[in-house]
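Examining the three-dimensional arrangement
Spelled out, the chains give:
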Amino acid sequence: LSRAIALAKSEKASELQAHALVTRSCLYEIEGEKAKCEQDIEQAHHLLPNYPPVLVSYARLLHSRGDIDGAVVALRQALDSSKSDEAAFLLANLLRERGSNEDLKEALSLLTSLAVTEEALADGLREHVVSCAFYLAKELQDFDRVNQLLEKIPAGKLSQSALQILRVRLALAHGQQGHAN
């Protein structure tokens, strides 16, 4: 990747260089080279500070440093310029972590939008998003939102077994244990 980064730099291909830096930062993270990982993310952010894939990585870096508010700003900026399921999911999680009532409501809205998208999501992501939305709705005592969510999920985008499990969980949350069998 170092050669690809150097080549992209010599060709003034900023997006390719930023992508290669972010990719290499992931490798450094896997290898436990935290300083090198952070350096590549910061370099990519310096190169293209408004590029959504870089902003997502930068938000993760800020979060790892304890700067949740900065990470939220970066993810909102990424979402303002490009649709990104990853950014939306990360933003929802950070908002939940911050924990204000308004943050929780916004997180639930993001998760709901992501869950009902017609677009393909990574394997298992929709189920995970719906499950996260369920727990967040439970925290907010907004079970109507879960009912609406289950009705709006596009046909065939969530397995029937996953839908049934979520309906049972919803019934249990409402104290309707007879519907759980």
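A brief look at the structure comes next. Computed from a predicted structure; not experimentally measured. (Residues numbered from 1 in each chain as written. Predicted model: local features only at pLDDT ≥ 70, side-chain atom pairs only at ≥ 80, totals over all residues. Heavy atoms only, no water.)

This paragraph deals with the packing of helix H1 (residues 2-10) against helix H2 (residues 14-30). The axes of two packed helices give the description: the angle between them and the distance between them. Interhelical geometry of H1 versus H2 gives an angle of 160° and a closest axis separation of 8 Å. Classified by the angle their axes make, H1 and H2 are roughly antiparallel. Considering the relative orientation of H1 and H2, their crossing is left-handed. Of H2, the residues touching H1 (which contributes Ser2, Ile5, Ala8 and Lys9) are Leu16, Gln17, Ala20, Leu21 and Arg24. In the contact of H1 with H2, the residues fall into 5 nonpolar, 2 polar and 2 charged. (Axes fitted to C-alpha atoms, helices over the stretch in contact; angles between N-to-C directions. Helix = DSSP H or I, 4+ residues; strand = E, 2+ residues; numbered from the N terminus. Parallel < 35°, antiparallel > 145°, perpendicular 65-115°, else oblique. Left-handed = near helix turned anticlockwise from the far one by under 90°. Contact = heavy atoms within 4.5 Å. Nonpolar A, V, L, I, M, F, W, Y, C, P; charged D, E, K, R; others polar.)

Among the secondary structure elements, Asn101 is positioned in helix H7 (residues 101-115). According to the relative accessible area criterion, Asn101 is partly exposed, its value standing at 44%. Once the C-alpha coordinates of Asn101 and Leu111 are considered, the two residues, 10 residues apart in sequence, prove to be 15 Å apart. (Buried < 20%, exposed > 50% of the residue type's maximum accessible area, 1.4 Å probe, protein only.)

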